[in-house]
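Here is what each chain is made of, one letter per residue.
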Amino acid sequence: MAGTLFAASASTARGTSLRDEGRTRITDLISADQRRARREREEYRRLRRDVDAISREAGRHDARVKQAQGEADRLALRSGFTAVTGPAVRVSLDDAPLPKSGDLPHGVRPDDLVVHQSDVQAVVNALWAGGARAMQIMDQRVISTSAVRCVGNTLILQGVVYSPPFRITAVGDPDRLRAALDASPVIGTYRKYVHAYGLGYAVQALDRAALPAYTANVTMSHATVPEDGGGP
């Protein structure tokens, strides 16, 4: 039986490390998916520019199109589809450093040392509550419907994977934004972990920040009730 297992392992590995090969394949898959997402975002942006140009050209000859375009321009700022500049606050969240020995203190779990999705979302919610006019996570503009997701200690935003530290920048009144961060009970809990385990938390006021326009897809999907009224 032992000989059979050795033979099967050798045949599968083909002279390579199974563990390293698996890790390399996963890394290659992630990298390929990120490249695909970047290509799709660039194609989407190009198509949007083409559609906008065609719509504006049509507006010169059709009053209804011109009226609709004017309404879209009026809502663009509030919807996040125009670039915004102004004073801002930037919040940075980072994982805690591992002990040099590699051993965690008694009672400390690995999850206690990483930034979670709820931590990033708490900062985003507090900044919106503090009157943020516009917001950006890492290098992407976000709007009210943007979804923040974390897998392990990485953040996934609109198809792009980011590693910590995570930076959230909000344009608005710095005093109000700081006050909203300080008032958040969820951030208060996070800051206890900052003191206990060394998680990263930094708030920086910026005299001027330039946030790009939102360029991701805004098509929303939702669940529907079957027409026959039947259950699942």
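Residues numbered from 1 in each chain as written. Predicted model: local features only at pLDDT ≥ 70, side-chain atom pairs only at ≥ 80, totals over all residues. Heavy atoms only, no water.

Q: It is not clear to me how helix α4 (residues 117–129) should be interpreted in this structure. Could you clarify?
A: For the α-helix, the turn length of 3.6 residues means that residues three or four positions removed from each other point alike. The end-to-end C-alpha distance of α4, which contains 13 residues, comes to 18 Å, matching closely the 18 Å that a straight helix rising 1.5 Å per residue would cover. Within the span of α4, buried status applies to D119, V120, A122, V123, V124, A126 and L127. Against the buried residues of α4 lie β1 (84–94), β2 (134–137), β5 (154–157), β7 (166–171), α5 (174–183) and α6 (185–197). At the exit of α4 stands G131, carrying a positive phi of roughly 90 degrees. (Helix = DSSP H or I, 4+ residues; strand = E, 2+ residues; numbered from the N terminus. Expected span 1.5 Å × (residues − 1). Buried < 20%, exposed > 50% of the residue type's maximum accessible area, 1.4 Å probe, protein only. Contact = heavy atoms within 4.5 Å.)

Q: Quick question: what am I supposed to make of the pairing of β5 here?
A: Side-chain positions along a regular strand alternate between the two faces of the sheet. Here strand β4 (residues 149–151) runs beside β5; their pairing, made up of 3 bridges, is antiparallel. What sits directly across from C150, in β5, is L155. Hairpin connection between β4 and β5: a loop of 2 residues separates the two successive antiparallel strands, and G152 in this loop has a positive phi of roughly 65 degrees. Pairing geometry for β5 and strand β6 (residues 160–162), over 3 bridges, is antiparallel. Each bridged residue has a counterpart across the sheet, and for L157 the counterpart in β6 is V160. With antiparallel pairing between neighbouring strands as the criterion, β5 and β6 make up a hairpin whose turn holds 2 residues, including Q158 at a positive phi of roughly 55 degrees. (Pairing = 2+ DSSP bridges.)

Q: For this particular structure, what's the right way to read the sheet that holds β1?
A: Neighbouring strands of a sheet are bound in pairs by backbone hydrogen bonds; such pairs are parallel or else antiparallel. The sheet built from 5 strands is open, its strands ordered β3-β2-β7-β1-β8 with antiparallel pairing. Each end of this open sheet is capped by a strand with a single partner; those strands are β3 (140–142) and β8 (200–211). Pairwise comparison of adjacent strand axes, ignoring direction, gives a mean angle of 25 degrees for this sheet. By the bridge criterion, 4 bridges tie β2 to β7 in an arrangement that is antiparallel. Paired with Q136 across the two strands is T169, which belongs to β7. (Axes fitted to C-alpha atoms, helices over the stretch in contact; angles between N-to-C directions.)

Q: Would you take a moment to explain the sheet that holds β4 for this structure?
A: Read from one edge to the other, the open sheet built from 3 strands follows the order β4-β5-β6, with strand pairing classed as antiparallel. Looking at which strands have only one partner, the edges of the open sheet turn out to be β4 and β6. Pairwise comparison of adjacent strand axes, ignoring direction, gives a mean angle of 35 degrees for this sheet.

Q: What is the right way to look at the pattern of salt bridges in this model?
A: One side chain can pair with another of opposite charge once the charged atoms of both are near each other. The full count for this structure, using the stated rule, is 2 salt bridges. Between R191 and D182 there is a salt bridge, with its nearest N and O atoms 3.3 Å apart. By relative accessible area, which is 32% here, R191 ends up partly exposed. (Salt bridge = Lys/Arg side-chain N within 4 Å of Asp/Glu carboxyl O.)

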